[in-house]
Amino acid sequence: MELFLSTAFGFPTVLFTPLLIVVAAYWVLVLVGAADSELLDAVDGDGAATGLSAAMDRARLGQVPVTVALSMLVCVAWFVSMMGGIMTSLLNTTSTPLLLALGAVVLLIALVAAWAVTSGLVMTVARFLPRRGGDSKHELVGRTCVIRIGEAGERFGQAEITTSGGAAITIPVRTTGGEVLPLGSTALIFDHQAEDDVFLVTHFDAALDPGQS
């Protein structure tokens, strides 16, 4: 137990131990329904990944939710650091410069191993998950949005929609048949006109929503 604690809170594992605690606490919240598993995912109005999601895509880790990939990275890095720290302790050296040098090597190995293992796991897990492509424009059809910036009509309109990742994005909307939707009203997206890159919307009556009990 003493070796476990000294390694977990010794360099370099101490860099990952707090992160591992955060990861464990986060997934407990997810399991009890107090947090979203796609909390850190974000896309722009075109459905392209942004922010941390874009960074994970560039690292070839974007095929699963950001929280899943980050959790894998932290867990693997922590485990490799622990193993490296235990092996280092077997040398029974008290030389601080040597211990720091060995710790730096273990840290480098842990980071590389974390990315390599996580990348492989992500590709494996992604095969069993629905294809992720963000909220494409076509996928927004059938969802509701809230009219922002004045009224929405046949010539102008701006609406706000919340993506599955929790990000609020603004989209251009238009109505048909002379319908005018006031500021703050809820509208249903029923089509996307690719030539003008606008979404066609109509008034949404929550009372007619089959999902309402």
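Our structure's up above, just so we're on the same page.
What counts as what
- Residues numbered from 1 in each chain as written.
- Predicted model: local features only at pLDDT ≥ 70, side-chain atom pairs only at ≥ 80, totals over all residues.
- Heavy atoms only, no water.
- Helix = DSSP H or I, 4+ residues; strand = E, 2+ residues; numbered from the N terminus.
- Areas by Shrake-Rupley, 256 points an atom, 1.4 Å probe, with all protein chains shown as cover.
- Salt bridge = Lys/Arg side-chain N within 4 Å of Asp/Glu carboxyl O.
- Buried < 20%, exposed > 50% of the residue type's maximum accessible area, 1.4 Å probe, protein only.
- Pairing = 2+ DSSP bridges.
- Axes fitted to C-alpha atoms, helices over the stretch in contact; angles between N-to-C directions.
- Contact = heavy atoms within 4.5 Å.
- Polar contact = N/O pair within 3.5 Å; in protein donor to acceptor, adjacent residues only side chain to side chain.
- Parallel < 35°, antiparallel > 145°, perpendicular 65-115°, else oblique.
- Left-handed = near helix turned anticlockwise from the far one by under 90°.
- Nonpolar A, V, L, I, M, F, W, Y, C, P; charged D, E, K, R; others polar.

*Asks:* Would you explain the overall build of the protein chain in this entry?
*Replies:* From N to C terminus, the protein chain includes six helices and five strands. Of the regular secondary structure in the protein chain, the N- to C-terminal order runs α-α-α-α-α-α-β-β-β-β-β. Carbon and sulfur atoms provide 65% of the accessible area of the protein chain, an area that totals close to 12,400 Å².

*Asks:* Explain the pattern of salt bridges here, please?
*Replies:* Close approach of charged atoms allows side chains with opposite charge to pair. If you walk through the whole model with that rule in mind, you get one salt bridge. When the shortest N-O distance is used, the salt bridge between Arg-148 and Glu-160 registers 3.6 Å. Linking Arg-148 in strand S1 (residues 144-148) with Glu-160 in strand S2 (residues 158-162), this pair joins segments that are 12 residues apart in sequence. Arg-148 sits in the partly exposed class, given a relative accessible area of 35%.

*Asks:* Looking at this structure, how should I read the sheet that holds strand S4 (residues 186-193)?
*Replies:* Backbone hydrogen bonds hold the strands of a sheet together, and the pairing may be parallel or antiparallel. If you walk around this closed barrel you meet the five strands as S1-S2-S3-S5-S4, and the pairing is mixed. In this sheet, neighbouring strand axes are inclined to one another by 55° on average, regardless of whether the strands run parallel or antiparallel. Inspection of the sheet shows S1 paired to S2 by three bridges, in the antiparallel sense. In the strand pairing of S2, Ile-147 is matched with Ala-159.

*Asks:* How should the side chain of Thr-118 be read in this particular structure?
*Replies:* Here Thr-118 is to be found in helix H5 (residues 96-126). Setting aside chain neighbours within four positions, we find Thr-118 in contact with Leu-61, Ala-69, Met-72, Leu-73, Val-76 and Ala-113.

*Asks:* Quick question: what am I supposed to make of the pairing of S4 here?
*Replies:* Successive side chains on a regular strand alternate, one facing one side of the sheet and the next facing the other. With three bridges joining them, S1 and S4 adopt antiparallel strand pairing. Opposite Thr-144, over in S4, you have Leu-188 as the bridge partner. Where S4 and strand S5 (residues 198-203) come together, six bridges link them in antiparallel fashion. Across the sheet, His-192 pairs through a bridge with Phe-199, a residue of S5.

*Asks:* Quick question: what am I supposed to make of the side chain of Thr-175 here?
*Replies:* Assignment of secondary structure puts Thr-175 in the loop between strand S3 (168-174) and S4. What makes Thr-175 buried here is its relative accessible area of 3%. A distance of 3.4 Å separates a polar side-chain atom of Thr-175 from the backbone nitrogen of Glu-154. For Thr-175, the residues in contact, after removing those within four places along its chain, are Ala-152, Gly-153, Glu-154, Leu-181 and Val-201.

*Asks:* What am I meant to see in the packing of helix H3 (residues 51-58) against helix H4 (residues 66-89) here?
*Replies:* The relative placement of two packed helices comes down to the angle between their axes together with the axis-to-axis distance. Two numbers describe how H3 lies on H4: the axes approach to 10 Å, and their chain directions differ by 55°. Taken as axis vectors, H3 and H4 run oblique relative to one another. You can see that H3 and H4 cross each other, and the crossing is left-handed. Residues Leu-52, Ser-53 and Met-56 of H3 form the contact with H4, whose own contacting residues are Val-66, Ala-69, Leu-70 and Leu-73. Split into classes, the residues belonging to the contact of H3 with H4 amount to six nonpolar, one polar and no charged.

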